Amino acid sequence: MPATQRSTKSHPRKPGSQSALRHLNQQRIIECLLSGPSTQAELSRQTGLSTATISNIVKIMQDAGLVSTEPTTSSGRRATNVRLNSNGAVAVGIDFGRRHLRVVLASLGYHVIAEDYIELPLGHHAEEGIAAAVRLLEKLLQENGIDRTAVVGAGAGIPGPIDRRTGTVAQGAILPEWVGIDILHRLEEALNCPVFVDNDANLGALSEVTWGPHSGVSNLMFLKIGSGIGAGLILNGFPYYGNVGITGEIGHATIHEHGLVCRCGNRGCLETIASTTTMIELLGRGQETLLTPQDIVRNCLAGDSATQRVVDDAGLAVGRALGNVSNLINPEVIVVGGPLAGLGDLLLDPIRRGLVRHAVPVVGETTHLAMSSLGARAEALGAAALVFQHAGITGR
């Protein structure tokens, strides 16, 4: 898949102290080595740093296990070749959810080095989520013996639209407390590395064509069903962002014109019928404890008739919305992800029935519907892939 992305990128931080300057210079060297081994003289030419400075920084990086060196010849002269070690360049993937936070560390070979997950309080503010991400990242780096300078960048997924004109979280996010926040620069200041931000469904789509089994697919839709419902699009091999970056808002497609009022202000949106929030409200009546999406999966698999009916109704509504979208863009593959992925065919079958019923026959018959094999990690893995793509590393 091409490495072109329209996601919002942070601006480099201005160097201050000597340690900050050394950190910046190490990152410049790592960026040069991402495309392959180079001699110290070549690194000097590419970065504009003196050969003495390059030699000193390379020694520090070698002692930290970030790079390895070997003697070579260049233009008939003895030289030192520098190569990144497998953990010498690490991408961070962060998935912010309505109630959760997941952080992954990935190496150049698209290999997950480490990951962790914590729950966040409902209604948490951006500062709270960002601080938790910093703590979780530092914990993972320390536990795995990875130097902070090995981090080449961080990708972050937000459950809501990102206005690419301003880099802010737009109205309609499932985290209303984050609306209007300049999330890009908040994260950059907290993480102290290049940051790339995108909608979580877009990152889910990216993960399927990088980490997942659909790397050869040029037209793919990733549908995330959770507290909200959103879609990420890969069209003709490229992520599709539209005019201002707000695409894939399929959760606000009207299914019942006189249905329930949605948080967006309209009536009968898909989210009011098929989101996990709606399912929990329907199934939680008379329950003493609040249900979770995991409870829905478990009860449905166990054969609970009420849960299976709610899931079936939701799947049919999702299929109807997908049929209309498929008539418009004719995707090759639609991948369903989110916390209900464990339902498998119990969710896919009604979605498929709705899709076939509402799509043009040839479109319905030729659109492949699949459950994500990446599970709950899809968005975080897509965030890490976003970093690799900006570095020019396009696949495994």
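- As recorded in an unreviewed UniProt entry, the chain goes by ROK family transcriptional regulator and comes from Paenarthrobacter nitroguajacolicus.
- Annotation of the chain in UniProt includes, under Sequence similarities (unreviewed entry), the sentence "Belongs to the ROK (NagC/XylR) family."

## Structural notes on the packing of helix α6 (residues 200-210) against helix α13 (residues 378-390)
1) Next: At a minimum axis separation of 7 Å, α6 and α13 run at an interaxial angle of 75 degrees. On the basis of their axis angle, the class for α6 and α13 is roughly perpendicular. Taking contact as the criterion, the partners of D200, L203, G204, L206, S207 and T210 in α6 are, on α13, A378, E379, L381, G382, A383, A385, L386 and Q389.
2) Next: Of the residues in the contact of α6 with α13, the class split is seven nonpolar, five polar and two charged.

## Things to note about the domain arrangement of the chain
1) Next: Domain parsing of the chain yields domain 1 (90-206 + 378-391) and domain 2 (217-373).
2) Next: Put simply, the middle of domain 1 and the middle of domain 2, counted by C-alpha atoms, are 24 Å apart.
3) Next: Taken together, the contact pairs 19 residues of domain 1 with 22 residues of domain 2.
4) Next: The junction of domain 1 with domain 2 conceals about 1600 Å² of combined surface from both sides, 53% of it contributed by carbon and sulfur atoms.
5) Next: At the boundary of domain 1 and domain 2, one finds two salt bridges.
6) Next: Notably, a salt bridge pairs K224 with D200, separated by 3.0 Å at the nearest N-O pair.
7) Next: Our enumeration of links across domain 1 and domain 2 arrives at five residue pairs in polar contact (both at pLDDT 80 or more).
8) Next: Contributions of two or more residues to the side of domain 1 that touches domain 2 are made by β9 (162-163), α6 and α13.
9) Next: Among the elements that line the side of domain 1 that touches domain 2, the one with the most residues is α6, at five residues.
10) Next: Its residues placed into classes, the side of domain 1 that touches domain 2 shows eight nonpolar, three polar and eight charged.

Reading the values: rules and limits
- Residues numbered from 1 in each chain as written.
- Predicted model: local features only at pLDDT ≥ 70, side-chain atom pairs only at ≥ 80, totals over all residues.
- Heavy atoms only, no water.
- UniProt positions renumbered as here; feature names shortened; annotations may be inferred.
- Axes fitted to C-alpha atoms, helices over the stretch in contact; angles between N-to-C directions.
- Helix = DSSP H or I, 4+ residues; strand = E, 2+ residues; numbered from the N terminus.
- Parallel < 35°, antiparallel > 145°, perpendicular 65-115°, else oblique.
- Contact = heavy atoms within 4.5 Å.
- Nonpolar A, V, L, I, M, F, W, Y, C, P; charged D, E, K, R; others polar.
- Domains from an automatic or database assignment.
- Buried area = accessible area lost by both parts, 1.4 Å probe.
- Salt bridge = Lys/Arg side-chain N within 4 Å of Asp/Glu carboxyl O.
- Polar contact = N/O pair within 3.5 Å; in protein donor to acceptor, adjacent residues only side chain to side chain.

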